[in-house]
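# Geometric and topological summary
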Amino acid sequence: MHANTEQLLSLRDGEPVNPDIRDHVEGCDPCRRRLQELDEVRARLRGLPPVAPPGDLWRTVAVGSVERTARHGFHWGSGLAIAASFVLGLALLMRVGDQDDPARAPLETTPAATISGLAEPEGLVNLAALQTRSRKLEALRAAIPRQPQVERAGTAMTIAELEDRIALVDVRLGAADALGLTEAQKHALWKERVNLMQSLVQVEYARLQRPRY
Amino acid sequence: MSGFSDCNVDTAILARARRGDMKAHEILYRAYGTPVYTLAVRMLQNPAHADDVLQETSIEVIRKIDTVRDPRAFPGWVKRIAVNKCLGHLRSAWHRLAAHSGGAEDEGLEYRHGDEGRDSAAMGSDMDAERALALLPATARAVVWLYDVEGYTHQEIGEMMGRTTSFSKSQLSRAHQRLRELLGLDGEGNERCMQTQSNC
């Protein structure tokens, strides 16, 4: 009785085999031949050439990774909820504003006026100015008290969507060099970030004004 | 041999990648892209699915790179991710549907690498290993590639597939029997065996 394929594979791979089978194969030309063929087939499989992926796949991968990171990996520091005092935040914000841009320094002390004061003026094209404005909006947003109560689903979804979009912009900005973004594209992303931050702060401020129920 | 054995990465690059440096990730991708893509093409026999596997693997690498500290562990770690993605594709409803539409369940998918005028009538001694591999049933193909080329054990393959060690062994045996037929080794071997049977 010849060795079957499974037994021959065990012999080929040095796995435990019944001694009778081993003895048989050693003395049987066809079985030895089949054993060699199993080796040969493995060698042919291992000898198949590598297949290179399409050249532009990395770009797809990079974009895909930032989109997923934005969807799954971004959190707005939930542990920091209600950590910042709104009044203190505003005061800090006004100090930052004074230092960064004296001409625009006297911000109003009410949230609505502050948001309005941070609105993008006509003709704002400077990247540094966009970044400064973005930081101010971040500071203002951090100063808004978090809402521990149950809130309207529509508001929560709007906020979540804005947060996701900002996160996506952030990750794209972080990977700007790897993605090969031009200066114009980076500028457009910063502008988008400022607009989104402004919308987010406005939504969160409006939420504070609603009567709780 | 598995291309993952050449997929060496530098400690500094790995550290940069852990910090979220996308340029470092691109360097890593240049190292593992071809081995992952080759694995996926061989196991799935579908370039579009191989694209998906490489993309999904890369995204998981980017998201979970902070779990890898030792650069020597990196090739095996990426390979395991890629294999799981491939097996996920094989298990998917889409893949089963494609297998059904192409013939019997779990039969080898039709050959897709150029040379499409050739069909099963071309089976014989002139068939190359790539074409023979493509004509294997999907599960047997996956097992023979993981065992003979990627170097996984039967136990590891059984675990990854949610099956037993014996299942992996029997699939490997099945794959080799079919490969011998497809590569034109079977007829010659049987003939010799018959001629010398009395000696056995």
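Residues numbered from 1 in each chain as written. Chains lettered and ligands numbered in written order. Predicted model: local features only at pLDDT ≥ 70, side-chain atom pairs only at ≥ 80, totals over all residues. Heavy atoms only, no water.

### Quick notes on the overall build of chain B
Looking only at helices and strands, chain B has 10 helices and zero strands in total. Each helix and strand of chain B, placed in order from N terminus to C terminus, yields the pattern α-α-α-α-α-α-α-α-α-α. Burial statistics for chain B: of 200 residues in total, 52% are counted as buried. Summarising the internal contacts of chain B: among those between residues at least 6 apart in sequence, 66% fall at separations of at least 24. (Helix = DSSP H or I, 4+ residues; strand = E, 2+ residues; numbered from the N terminus. Buried < 20%, exposed > 50% of the residue type's maximum accessible area, 1.4 Å probe, protein only. Contact = heavy atoms within 4.5 Å.)

### Here we look at the interface of chain B and chain A
It is common to give the size of an interface as the accessible area that goes away when the parts come together. Facing the 47 residues of chain B at the interface are 39 residues of chain A. Joining chain B to chain A, the criterion identifies three salt bridges. The interface formed by chain B and chain A includes nine residue pairs in polar contact (both at pLDDT 80 or more). Taken together, the elements giving at least two residues each to the side of chain B that touches chain A come down to helix 2 (22-44), helix 3 (47-64), helix 6 (129-134), helix 7 (138-149), helix 9 (165-182) and helix 10 (186-195) of chain B. Taken together, the residues that form the side of chain B that touches chain A break down as 21 nonpolar, 13 polar and 13 charged. (Salt bridge = Lys/Arg side-chain N within 4 Å of Asp/Glu carboxyl O. Polar contact = N/O pair within 3.5 Å; in protein donor to acceptor, adjacent residues only side chain to side chain. Nonpolar A, V, L, I, M, F, W, Y, C, P; charged D, E, K, R; others polar.)

### Notes on empty space enclosed by the protein
Taken as a whole and judged by the stated rule, the model has two cavities of 30 Å³ or more. Taken as a whole, the largest cavity holds about 50 Å³ of empty space. If you go around the largest cavity, the residues you meet are Glu 6, Leu 9, Ser 10, Asp 13 and Glu 15 of chain A together with Tyr 147, His 154, Lys 169 and Leu 172 of chain B. Elements represented by at least two residues in the lining of the largest cavity include exactly helix 1 (5-12) of chain A together with helix 9 of chain B. When residues of the lining of the largest cavity are assigned to their parent elements, the largest contribution, three residues, is made by helix 1 of chain A. Taken together, the residues of the lining of the largest cavity break down into three nonpolar, two polar and four charged. (1 Å grid on protein atoms, 1.4 Å probe; cavity = no way out; pocket = protein on both sides within 12 Å on 5 of 7 lines; lining within 4 Å. Points joined across faces, edges and corners; volume = space filled by probe spheres on them.)

### Observations regarding the environment of Val 53 of chain B
All names here are of chain B. As for its position among the elements, Val 53 is in helix 3. For Val 53, a relative accessible area of 0% corresponds to the buried category. For the pair Val 53 and Ala 40, spaced 13 residues apart in the sequence, the C-alpha separation amounts to 6.6 Å. Those residues in contact with Val 53 that lie beyond four places of it in its chain are Val 36, Ala 40, Leu 44, Ala 82, Lys 85, Cys 86 and His 89.

### Observations concerning unusual backbone geometry
Residues and elements named next belong to chain B. The backbone phi angle of Gln 45 is positive, close to 55°, even though this residue is not glycine. By the secondary structure assignment, Gln 45 is in the loop between helix 2 and helix 3. With relative accessibility at 1%, the residue Gln 45 sits in the buried group.

### Describing the pattern of salt bridges
One pass over the full model with this rule turns up 22 salt bridges over all chains. Of the charged contacts in the structure, one is a salt bridge between Arg 42 of chain A and Asp 39 of chain A, with a shortest N-O distance of 2.8 Å. Of this pair, Arg 42 of chain A and Asp 39 of chain A are both found in helix 3 (residues 29-46), three residues apart, which corresponds to roughly one turn of the helix. Given a relative accessible area of 16%, Arg 42 of chain A falls into the buried group. Salt-bridge contacts for Arg 42 of chain B lead to Glu 130 of chain B; the nearest nitrogen and oxygen are separated by 2.6 Å. Of this pair, Arg 42 of chain B sits in helix 2 while Glu 130 of chain B sits in helix 6, and the two are 88 residues apart along the sequence. Because the salt bridges share partners, they merge into one network encompassing Arg 12, Asp 13, Asp 39 and Arg 42 of chain A together with Asp 148 of chain B.

### Examining the environment of Gly 158 of chain B
All names here are of chain B. Assignment of secondary structure puts Gly 158 in helix 8 (residues 154-161). Residue classification places Gly 158 among the buried residues on the basis of a relative accessible area of 0%. With 10 residues separating them along the chain, Gly 158 and Ser 168 place their C-alpha atoms 5.7 Å apart. Each residue touching Gly 158, except ones within four places of it in the same chain, is listed here: Arg 163, Thr 164 and Ser 168.

### Here's the deal with the packing of helix 2 of chain B against helix 4 (residues 74-91) of chain B
Residues and elements named next belong to chain B. Orientation of helix 2 relative to helix 4, taken along the N-to-C sense of each, is 35°, at an axis distance of 10 Å. For the pair helix 2 and helix 4, the sense of crossing is right-handed. Residues Leu 28, Tyr 32, Val 36, Leu 39, Ala 40, Met 43 and Leu 44 of helix 2 lie in contact with helix 4, whose contacting residues are Phe 74, Val 78, Lys 79, Ala 82, Val 83, Cys 86, Leu 87, His 89 and Leu 90. Per-class residue counts for the contact of helix 2 with helix 4 are 14 nonpolar, one polar and one charged. (Axes fitted to C-alpha atoms, helices over the stretch in contact; angles between N-to-C directions. Left-handed = near helix turned anticlockwise from the far one by under 90°.)

### Here we look at the side chain of His 25 of chain B
With respect to the secondary-structure elements, His 25 of chain B resides in helix 2. Those residues in contact with His 25 of chain B that lie beyond four places of it in its chain are Trp 58 of chain A together with Ala 17, Val 61, Ile 62 and Ile 65 of chain B.

### A short note on helix 9 of chain B
In this model, helix 9 of chain B (18 residues) spans 26 Å end to end at C-alpha, consistent with the 26 Å of a helix rising 1.5 Å per residue. Looking only at helix 9 of chain B, the buried set comprises Phe 167, Ser 168, Gln 171, Leu 172, Ser 173, Ala 175, His 176, Leu 179, Arg 180 and Leu 182 of chain B. (Expected span 1.5 Å × (residues − 1).)

That's the geometry; what it means functionally is another story.
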